[in-house]
Amino acid sequence: MIQAKTKTKIPILTIAGSDCSGGAGVQADLKTFSAHHLFGMSVILSVVAENTARVISSFDIPISIINEQMLAVYEDIEPMAVKVGMLGSKEIITCVKENLLHFQAKNVVIDPVMFAKNGYALMPLENCQFFKEEILPLADVLTPNIPEAEFLCGFKIHNEDDMKKAAIKLHQEGAKSVLIKGGHSKENTNDVFYDGEVFNIFKAEKIDTKNTHGTGCTLSSAIASNLALGKTKHEAVKLAKEYIYGAILHSLSLGKGCGPTNHFFMLEKE
């Protein structure tokens, strides 16, 4: 009989919707966790029928099953960080909030997933204010892109100063720190990070590609991964920015729409 060689890996959790095409949502989060050598776990909130070109439909998981998934994770393997993605209804928002508080979740990264690449509303617009009131105060790091930040803040974002203004507003509304992602900017993909006291600008050149499916999910789960590894928020954001840049730079030409990023580009380089 061969003796098993057991190892301990840091556990981490994604609470989000699924993506059957594998480029975004829970599937992208788990790939990102694995790329960071973590043990990924998942609580699925919604099953989304989507691919690189469109979202066909979305089905919300019953609240009782979400509660039981959360219990199954936390009574056995406590995660060192949590990424929260798509929240499809007020009932789900309330359920996730209550579970995060009950289990005293640590290092919570919240990606306010509102729209798919084709404009499909993954969070009903009428739930936006409820989301801000219930979920923002739980965010150790909040990661909206420019359209999401505009909707959450109620004003247009045209430049870096507007991104800073949005970060301050979202911090005042409860988020402990805010990363405004600049990927929708025409000139560059600079991100603005605000920790409540200091601004940091994480700069990056624009990459000429349409393969950006799941970039928001991947970046937020990379931030959570680095927090689970003991990095500071600033370090976690910096390393996650470098990771998503490489994943887009080595993106995959798959599908008829916006192809997925390459979560394991580092392993291929090796």
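Residues numbered from 1 in each chain as written. Predicted model: local features only at pLDDT ≥ 70, side-chain atom pairs only at ≥ 80, totals over all residues. Heavy atoms only, no water.

The protein chain appears in an unreviewed UniProt entry as hydroxymethylpyrimidine kinase from Campylobacter subantarcticus. Here is the UniProt Pathway (unreviewed entry) comment for the protein chain, exactly as written: "Cofactor biosynthesis; thiamine diphosphate biosynthesis." (UniProt positions renumbered as here; feature names shortened; annotations may be inferred.)

Undergrad: Explanation requested: the overall build of the protein chain in the structure shown.
TA: Across its full length, the protein chain carries 9 helices and 9 strands. Overall size of the protein chain, expressed as C-alpha extent along the three principal axes, is 65 × 40 × 40 Å. Buried positions account for 53% of the 270 residues belonging to the protein chain. In the protein chain, the share of contacts with a sequence separation of at least 24, taken over all contacts with a separation of at least 6, comes to 66%. (Helix = DSSP H or I, 4+ residues; strand = E, 2+ residues; numbered from the N terminus. Buried < 20%, exposed > 50% of the residue type's maximum accessible area, 1.4 Å probe, protein only. Contact = heavy atoms within 4.5 Å.)

Undergrad: Would you explain the side chain of T143 in this entry?
TA: Locating T143 in the fold gives a position in the loop between strand 6 (141-142) and helix 5 (146-153). Residue T143 is classed as buried on the basis of its relative accessible area, which comes to 1%. In terms of polar contacts, T143 uses its side chain to reach the side chain of D111, at 3.3 Å. Beyond its immediate sequence surroundings of up to four residues, T143 is in contact with V109, I110, D111, P112, E148, L179, K181, S220 and I223. (Polar contact = N/O pair within 3.5 Å; in protein donor to acceptor, adjacent residues only side chain to side chain.)

Undergrad: Would you mind showing me how to read the environment of E268 here?
TA: Residue placement: E268 occurs in helix 9 (residues 265-269). The spatial distance from the C-alpha of E268 to the C-alpha of T189 is 25 Å, given a sequence separation of 79 residues.

Undergrad: Got a minute to help me understand helix 7 (residues 215-228) in this structure?
TA: Taking 1.5 Å as the rise per residue, helix 7 with 14 residues should run 20 Å; its terminal C-alpha atoms sit 20 Å apart, in good agreement. Within helix 7, 14 of the 14 residues are buried, which leaves it mostly tucked inside the rest of the structure. Just beyond helix 7, the residue with positive phi is G230, at close to 95 degrees. (Expected span 1.5 Å × (residues − 1).)

Undergrad: Just checking my understanding: could you explain the environment of F33 for this structure?
TA: With respect to the helices and strands, the residue F33 is situated in helix 1 (residues 25-35). Exposure remark for F33: the relative accessible area of 0% places this residue in the buried category. Sequence separation of F33 and C258 is 225 residues, and the distance between their C-alpha atoms is 22 Å.

Undergrad: Hey, could you run me through the pattern of salt bridges in this one?
TA: Inspection of the entire model under this criterion finds 9 salt bridges. Here K97 makes a salt bridge to E134, at a shortest N to O gap of 2.7 Å. Note that K97 is positioned in helix 3 (residues 90-102) and E134 in helix 4 (residues 128-134), a separation of 37 residues in sequence. Judged by relative accessible area, which is 18%, E134 ranks as buried. Note that E173 and K169 form a salt bridge whose closest N and O atoms lie 3.2 Å from each other. You can call E173 partly exposed: its relative accessible area is 26%. For K169, a relative accessible area of 26% corresponds to the partly exposed category. Via salt bridges that share partners, K132, K169 and E173 belong to a single interconnected network. (Salt bridge = Lys/Arg side-chain N within 4 Å of Asp/Glu carboxyl O.)

Undergrad: Explain the state of the cysteines to me, please; I cannot follow it from the model alone.
TA: Put plainly, a disulfide is one covalent bond tying together the sulfur atoms of two cysteines. The final tally for this structure, using the stated rule, is 0 disulfides. A disulfide-free cysteine, C153 has its sulfur positioned 9.2 Å from the sulfur of C128, the nearest such atom. C217 takes part in no disulfide bond, and the closest cysteine sulfur to it belongs to C258, at a distance of 13 Å. Taking relative accessible area as the criterion, C217 reaches 13% and is therefore assigned buried. (Disulfide = S-S within 2.5 Å.)

Undergrad: How do you make sense of the packing of helix 1 against helix 7 when you look at a structure like this?
TA: For any two helices packed against each other, the geometry is given by the interaxial angle and the distance between the axes. Where helix 1 contacts helix 7, the two axes come as close as 9 Å, and the packing angle between them is 40 degrees. Judged by the inter-axis angle, helix 1 sits oblique to helix 7. Of the two elements, helix 1 crosses helix 7, and the hand of that crossing is right-handed. Across the interface between the two elements, G25, A28, D29, T32 and F33 of helix 1 pack against C217, T218, S221, A222 and S225 of helix 7. Across the contact of helix 1 with helix 7, the residue classes break down as 4 nonpolar, 5 polar and 1 charged. (Axes fitted to C-alpha atoms, helices over the stretch in contact; angles between N-to-C directions. Parallel < 35°, antiparallel > 145°, perpendicular 65-115°, else oblique. Left-handed = near helix turned anticlockwise from the far one by under 90°. Nonpolar A, V, L, I, M, F, W, Y, C, P; charged D, E, K, R; others polar.)

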